[in-house]
Amino acid sequence: MEYTIEYYSDQVEAEILALPPTLAARYLHLTERMHTAGPNLGEPHTKAMKDGLFEMRLKGQEGIGRVFYCVIVGRKIIVLHSFIKKSQKTPAKELTLARKRLEEVKHHEPRGTAQKNAGESGGTSRI
């Protein structure tokens, strides 16, 4: 059974779609693998952060990006937040936002969750 990838909100999906080209390509590649292999691809691709939060590590010509996500019952991967790294360490505000959204998802589905499957028409393949 395959995993599906959904977004915390339409805004999160738009942020993913706006990633620079090489980071977007890396995101697509990793999400394609996640559909069949599951959420934890292992380092250097993904990292379990604690309490059900995962980090997808994107590296490309334009820099370094991070995408935070979680997994919920029913084989759903929920993309919570993304950002472009400007320093070596992940900024506390980025991690705090991801953890806040994780708690919201654990307690109930957020409003505006847009279900999209990478590689399908109308999904993240628009990148």
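To keep things clear, this report deals only with the structure shown in the data block.

Procedures and definitions
Here the residue numbers are simple positions, counted from 1 along each chain's written sequence. Totals for whole chains, interfaces and linings use all residues, but because this is a predicted model, local features are given only for residues with pLDDT of at least 70 and pairs of side-chain atoms are given and counted only at 80 or more. The basis for every side-chain value is the complete set of heavy atoms in the structure, and neither hydrogens nor water enter the calculation. In this analysis a 1.4 Å probe is tested at points of a 1 Å grid over the protein atoms alone, and where it fits but cannot get out there is a cavity; an open set with protein on both sides within 12 Å along at least five of seven lines is a pocket; lining residues have an atom within 4 Å of a point. Grid points are joined across faces, edges and corners, and a volume is the space filled by probe spheres set on the points. A run of H or I in DSSP becomes a helix once it reaches four residues, and a run of E becomes a strand once it reaches two; helices and strands are each numbered from the N terminus. Classes in brief: Ala, Val, Leu, Ile, Met, Phe, Trp, Tyr, Cys and Pro nonpolar; Asp, Glu, Lys and Arg charged; the others, Gly included, polar. The set of buried Ala, Val, Leu, Ile, Met, Phe, Trp, Tyr and Cys residues whose side-chain atoms join them within 4.5 Å is what this entry labels a nonpolar core. Accessible area is worked out with a 1.4 Å probe on protein chains only. A residue is then buried under 20% of its type maximum, exposed over 50%, and partly exposed in between. Note on contacts: a residue pair qualifies if any of its non-hydrogen atoms lie within 4.5 Å across the two residues. Salt bridges are identified by distance alone: a Lys or Arg side-chain nitrogen within 4 Å of an Asp or Glu carboxyl oxygen.

## Re the layout of surface pockets
Part 1 of the reasoning: Approximately 210 Å³ is the volume found for the largest pocket.
Part 2 of the reasoning: Lining the largest pocket are Arg26, Pro44, Arg57, Leu58, Lys59, Ile64, Arg66, Lys85, Lys86, Ser87 and Gln88.
Part 3 of the reasoning: Those elements that provide at least two residues to the lining of the largest pocket are strand 3 (53–60) and strand 4 (63–72).
Part 4 of the reasoning: Top element by residues in the lining of the largest pocket is strand 3. It accounts for 3 residues.
Part 5 of the reasoning: Within the lining of the largest pocket, the residues separate by chemical class into 3 nonpolar, 2 polar and 6 charged.

## Re the nonpolar core
Part 1 of the reasoning: Membership of the largest hydrophobic core comes to 30 residues, with the highest contact counts inside it found for Tyr27, Met56, Leu58, Val79 and Leu80.
Part 2 of the reasoning: When contributions to this core are tallied by element, the ones reaching two or more residues are strand 1 (4–7), helix 1 (10–17), helix 2 (21–37), strand 3, strand 4, strand 5 (76–85) and helix 3 (92–107).
Part 3 of the reasoning: Ignoring anything within four residues of it in the chain, the contact list for valine 79 reads Ile5, Glu6, Tyr7, Tyr8, Val12, Ile16, Tyr27, Val67, Phe68 and Tyr69.

## Considering the pattern of salt bridges
Part 1 of the reasoning: Per the counting criterion, the structure on display carries 6 salt bridges.
Part 2 of the reasoning: A salt bridge links glutamate 55 to arginine 57; its shortest N-O distance comes to 3.1 Å.
Part 3 of the reasoning: Residue classification places glutamate 55 among the buried positions, given a relative accessible area of 3%.
Part 4 of the reasoning: Since its relative accessible area comes to 22%, arginine 57 is described here as partly exposed.
Part 5 of the reasoning: When the shortest N-O distance is used, the salt bridge between glutamate 103 and lysine 106 registers 3.7 Å. Placement of the pair is glutamate 103 and lysine 106 together in helix 3, with a separation of 3 residues, close to one helical turn.
Part 6 of the reasoning: On the basis of relative accessibility, which here comes to 38%, the residue glutamate 103 falls in the partly exposed class.
Part 7 of the reasoning: The exposure class of lysine 106 is partly exposed, given its relative accessible area of 46%.

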